[in-house]
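Residue-level structure breakdown
One letter stands for each residue in the lines below.
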Amino acid sequence: FNAPSGSRIIITTVSGHQVTDIDSDIGWDGRNASGELVATGVYLFAVRTPDGDFGHGKIAVIHR
């Protein structure tokens, strides 16, 4: 994710269940808030900057 420093990235399932909320400076390692790898699938993300929403989109996770 290319977001301004200090932003938060909220990742949810397509059904709306929050998976994790992370600092954009760290990035997402594909783990949920409990530290477990998420399942293969499509996830939604929203980037929240200190000034307000920055954007949103989809990301696919594929385990081999």
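Attention in this report is confined to the structure presented alongside it. (Residues numbered from 1 in each chain as written. Predicted model: local features only at pLDDT ≥ 70, side-chain atom pairs only at ≥ 80, totals over all residues. Heavy atoms only, no water.)

**A word on the pattern of salt bridges**
Quick note on the threshold: A pair is scored as a salt bridge if a Lys or Arg side-chain nitrogen falls within 4 Å of a carboxyl oxygen belonging to Asp or Glu. The helix and strand labels rest on DSSP assignments: H or I over at least four residues marks a helix, E over at least two residues marks a strand, and numbering proceeds from the N terminus. Classification of residues uses two cut-offs on accessible area relative to the type maximum, computed with a 1.4 Å probe and protein chains only: under 20% is buried, over 50% is exposed, and between them is partly exposed.
One pass over the structure, following the stated rule, counts two salt bridges. Note that Asp21 is salt-bridged to Arg8, the shortest N-O span being 3.0 Å. Pair noted here: Asp21 is in strand 2 (residues 18-23) and Arg8 is in strand 1 (residues 8-13), with a separation of 13 residues, a long-range link. Since its relative accessible area comes to 34%, Arg8 is described here as partly exposed. Residues Asp29 and Arg31 are paired through a salt bridge, measuring 3.7 Å at the closest nitrogen-oxygen approach. With a relative accessible area of 53%, Asp29 lands in the exposed category.

**Remarks on the environment of Ser7**
Definition in use: Here a residue-residue contact requires only that any non-hydrogen atoms of the pair lie within 4.5 Å. Identification of polar contacts relies on pairs of N or O atoms within 3.5 Å, with a donor-acceptor requirement for protein atoms, meaning one able to donate a hydrogen and the other able to accept it, and with residues adjacent in sequence counted only if both atoms are side-chain atoms.
Secondary-structure assignment places Ser7 in the segment before strand 1. Among the residues examined, Ser7 registers a relative accessible area of 0% and is labelled buried. C-alpha of Ser7 to C-alpha of Gly52: the two residues are 45 residues apart in sequence and 9.2 Å apart in space. Non-local contacts of Ser7, meaning those with residues more than four positions away in its chain, are made with Ile22, Asp23, Ser24, Val47, Arg48, Thr49 and Pro50. Polar side-chain contacts of Ser7 include one of 2.7 Å to the backbone oxygen of Pro4.

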